[in-house]
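# Structural overview for review
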Amino acid sequence: LQQLILEGKVQRLAAVGLDKLGRFYCRRCGEQEQIYVERLSSAPQPCRVCPSCRELGTLTDGIPLYRWRVELPRIKPSGVPPPLALPALTVWQEQAVRESLEFWRQPEPRTLLVWAVCGAGKTEVVFPLIRDALAAGKRVLLAVPRREIVRELGERIKRCFPGLAFTILYGGHKEEFPTALLTITTTHQLLRFTSCFDLVIVDEADAFPLYGNPMLNAALERVILPTGKKIYMTATPDPSWQRRARRGEIGVVKIPLRYHGRPLPVPTLIRTALPAKKAEFIPPVVKEFIFRLRTQERKGLIFLPTVQGVEAFARSLQQELPNQADQIDYIHARDPLREEKVKRFSTGQLHLLVTTTLLERGLNFDRLDLLVLYADQERIFSVETLIQIAGRVGRSAADPGGVVYFVAESITGTMKTAHQEIVRMNKEGNSFIKKKATSPDRE
Ligand SMILES: [Zn+2]
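Anyway, here's the lowdown on the structure attached to this text. Here the structure is a predicted model, which means the values were calculated and not measured.

Attention shifts here to the overall build of the protein chain. Scanning the protein chain for helices and strands turns up 12 helices and 21 strands. In terms of overall dimensions, the protein chain is globule-like: its C-alpha atoms have a radius of gyration of 24 Å, near the 22 Å expected for 443 residues. In terms of overall dimensions, the protein chain has C-alpha extents of about 75 × 65 × 40 Å along its principal axes. Burial status across the protein chain gives 48% buried among its 443 residues. Restricting to contacts in the protein chain with at least 6 residues of sequence separation, those with at least 24 account for 72%. Summed over its atoms, the accessible surface of the protein chain is roughly 22,000 Å², and 52% of this surface lies on carbon and sulfur atoms.

The next thing to look at is helix α9 (residues 307-320). Here α9 contains 14 residues, and its C-alpha end-to-end distance of 20 Å stays within 8% of the 20 Å for a straight helix at 1.5 Å per residue. Along α9, the positions that sit buried rather than exposed are V307, G309, V310, F313, A314, S316 and L317. Residues of α9 that are buried make contact with α8 (284-296), β17 (299-303), β18 (328-331), β19 (352-355) and β20 (368-373). Here α9 starts with a cap whose side-chain oxygen sits 2.9 Å from the backbone nitrogen of G309, and that cap is T306.

Within the protein, the atoms that donate to the zinc ion are C26 (SG), C29 (SG), C50 (SG) and C53 (SG), at distances of 2.3 to 2.4 Å. Under the relative-accessibility criterion, C29 is labelled buried at 8%.

Among the nine residues that make up helix α4 (residues 127-135), seven are buried, leaving the element largely enclosed by the rest of the structure. Of the residues making up α4, those classed as buried are F127, P128, L129, I130, A133, L134 and A135. G137 sits one or two residues past α4 and shows a positive phi near 75 degrees.

Ranked by internal contacts, the top residues of the largest apolar core, which has 70 residues, are I130, I157, I231, L359, L370, V372 and F406. Among the elements that take part in this core, helix α2 (residues 91-105) stands out by supplying six residues, more than any other. Three or more residues apiece are contributed to this core by two domains, here domain 2 (91-255) and domain 3 (268-430). The residues touching F406, leaving out its near neighbours within four places in the chain, are P267, T268, L269, I270, V372, A375, L386, A390, M415 and A418. The next biggest cluster of nonpolar side chains, apart from the first, holds 31 residues, and it includes C53, F197, Y232 and A245.

Before going further, it helps to examine the pairing of strand β12 (residues 182-186). A large share of β12 lies buried, amounting to five of its five residues. The alternating pattern of β12 places L182, I184 and T186 and T183 and T185 on opposite faces, both of which are buried. As paired elements, strand β9 (residues 140-144) and β12 share five bridges and run parallel to each other. By the bridge assignment for β12, V140 is matched with L182. Of the strand pairs in this sheet, strand β10 (residues 166-170) and β12 are connected by four bridges, and their pairing is parallel. Within the sheet, the bridge partner assigned to T167 lies in β12 and is T183.

With that out of the way, let us pick up the pattern of salt bridges. Following the criterion strictly, the structure yields 26 salt bridges and no others. Note that E108 is salt-bridged to R110, the shortest N-O span being 3.6 Å. Of the residues examined, E108 reaches a relative accessible area of 53% and is grouped as exposed. Across the pair D369 and R298 runs a salt bridge, and its minimum N-O distance is 2.9 Å. Highlighted residues: D369 in strand β20 and R298 in the loop between α8 and β17, separated in sequence by 71 residues. For R298, a relative accessible area of 9% puts it in the buried group. Three or more residues joined by partner-sharing salt bridges are found here, namely K122, D203, E204, D206, E360 and R361.

Secondary-structure assignment places A205 in the loop between β13 (197-203) and α6 (214-223). Through-space distance from the C-alpha of A205 to that of A143 is 8.8 Å; in sequence the pair is 62 residues apart. The contacts of A205, once residues within four sequence positions are left out, are L210, Y232, M233, T234 and W241.

Basis of the calculations
Residues numbered from 1 in each chain as written. Predicted model: local features only at pLDDT ≥ 70, side-chain atom pairs only at ≥ 80, totals over all residues. Heavy atoms only, no water. Helix = DSSP H or I, 4+ residues; strand = E, 2+ residues; numbered from the N terminus. Rg over C-alpha atoms; globule rule 2.2 N^0.38 Å. Buried < 20%, exposed > 50% of the residue type's maximum accessible area, 1.4 Å probe, protein only. Contact = heavy atoms within 4.5 Å. Areas by Shrake-Rupley, 256 points an atom, 1.4 Å probe, with all protein chains shown as cover. Expected span 1.5 Å × (residues − 1). Polar contact = N/O pair within 3.5 Å; in protein donor to acceptor, adjacent residues only side chain to side chain. Donors = N, O, S within 2.8 Å, 3.2 Å for Na, K, Ca; no water. Core = buried A, V, L, I, M, F, W, Y, C linked by side-chain atoms within 4.5 Å. Domains from an automatic or database assignment. Pairing = 2+ DSSP bridges. Salt bridge = Lys/Arg side-chain N within 4 Å of Asp/Glu carboxyl O.

Quick look at the structure:
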C-alpha cells in the first residue's frame, strides 16, 4: 500500500476532513450536517466523528481512508463466458432475458427497470446478462436489502455459475477474491466502494434501506463508472419510476406472470369493527380465518402495524385458543428468536405467526394464507407494502392459490389501489398468455 501511495496511485486522506468551504464532512458517506466532536478511548485528543455511517466502523479525522487515484487496473476480458446453469425458464422469463440482453448491448438507455410480479423469478433473468458482462471483463455489483437475502443469493450464484469466484460482503462478513469481477453485497455496504463498477444491479430496489435514503442513493450513483449501467429490479416500482419508464427515460422489462403461470391471489377487502388499543376481543373474521387454517391444514400469517400490537394480539389469541397456544407465536425485527421462529413456521411446528411487516418480502412459505389487520394504517401499509404482502401467497406451483384478506374499520384508497393494481397485473399476465397462444411464431 505504501508503495502505491508513493507511486501516486493511491491517495491517503483523513476520513473526516475539510471541504472546499472549510467545513468538516465525512469522506465515506458524505455527511456534512452532523459531524460531532467526541472523546474516544482509542485516541488521545477529542476527534471529529461521523455518526451517519458508524455501523460500518467509526470514522474520525484521525483515521485515514485510501482511495484509488487512477482507474482500477482493467481485467483482461477472458472472452470466454463463465459456465451458466440456469433452471428451466418460462416463455415470459426468456422474453425478459432477451430484452435485458438487448439493454446491455445498446449504449442507451443507461438505466433499466425490471418490473416483475412477486414470485416471477426475476433474479435469474439477469444472469445471462451478468455472464456477458463478466466475459467482457466488466465489474458487476449485485446489491440486495438484507443479509439473509445476500446469503441466499450467494448460494444461488454458486449453483448457477459453477466454479465462479466472487466476492460476498455484508455486515460483519467478507469473503473476498481480489480478481473476482462479481461482488454481492447488502445495500448498506455500497458506502465502502468508490467508482469502479460497469454494471450495478439492485434487487428489491424499492425496499428499506435504499428507498428514501439519500445517503445510500448517492453512494449507489457514486459506485457506477461514468460509462456504467444500472438495473433496478422490483415488483412494486414507485410512481416516479413508472412515469420515467412511460416517458422512455429508462428502459423497462416486464415479467407479468409468476413462474407457474397462475394469477396472483386477489385480496378480499373486509370492513369490520376491530379492537381499539388493547386486543380486548378477537374479531370474528380472524376466528374464521384460523378455523379455516385448521380444517384445510394450511399456515397463516396475520400482519399488524406495530410491535406492541403484534405481541398483544398473539397473546390474546393464545388465551382465546388454549388448545392451539403452542402453535401460535409472534415475530418482529427486534425479536431475538426470530430466525428460530421462522424455521418452526416453515417446518409446520407453528401454524400461525402474528407479524409486523418484517415478513413482507424475501421469505417463502408453503400452503400459506394471510390476513392484514388495520390495513387502513397507510403509514405502515402503503400500496407497495400491501402488494408485497399479498405476493407472499400462492408462490409454489403445487399450491398457486390461497387467501388474502385486507381487514380494517374503513376501506381506504390505499387498500383499493393495491387491490386494483393486483387485478391489473393479472389482466396483463392473462393477455400475455393469450397473445403467445395465438402468435404464429410461438416458441
Ligand atoms: Zn460517514
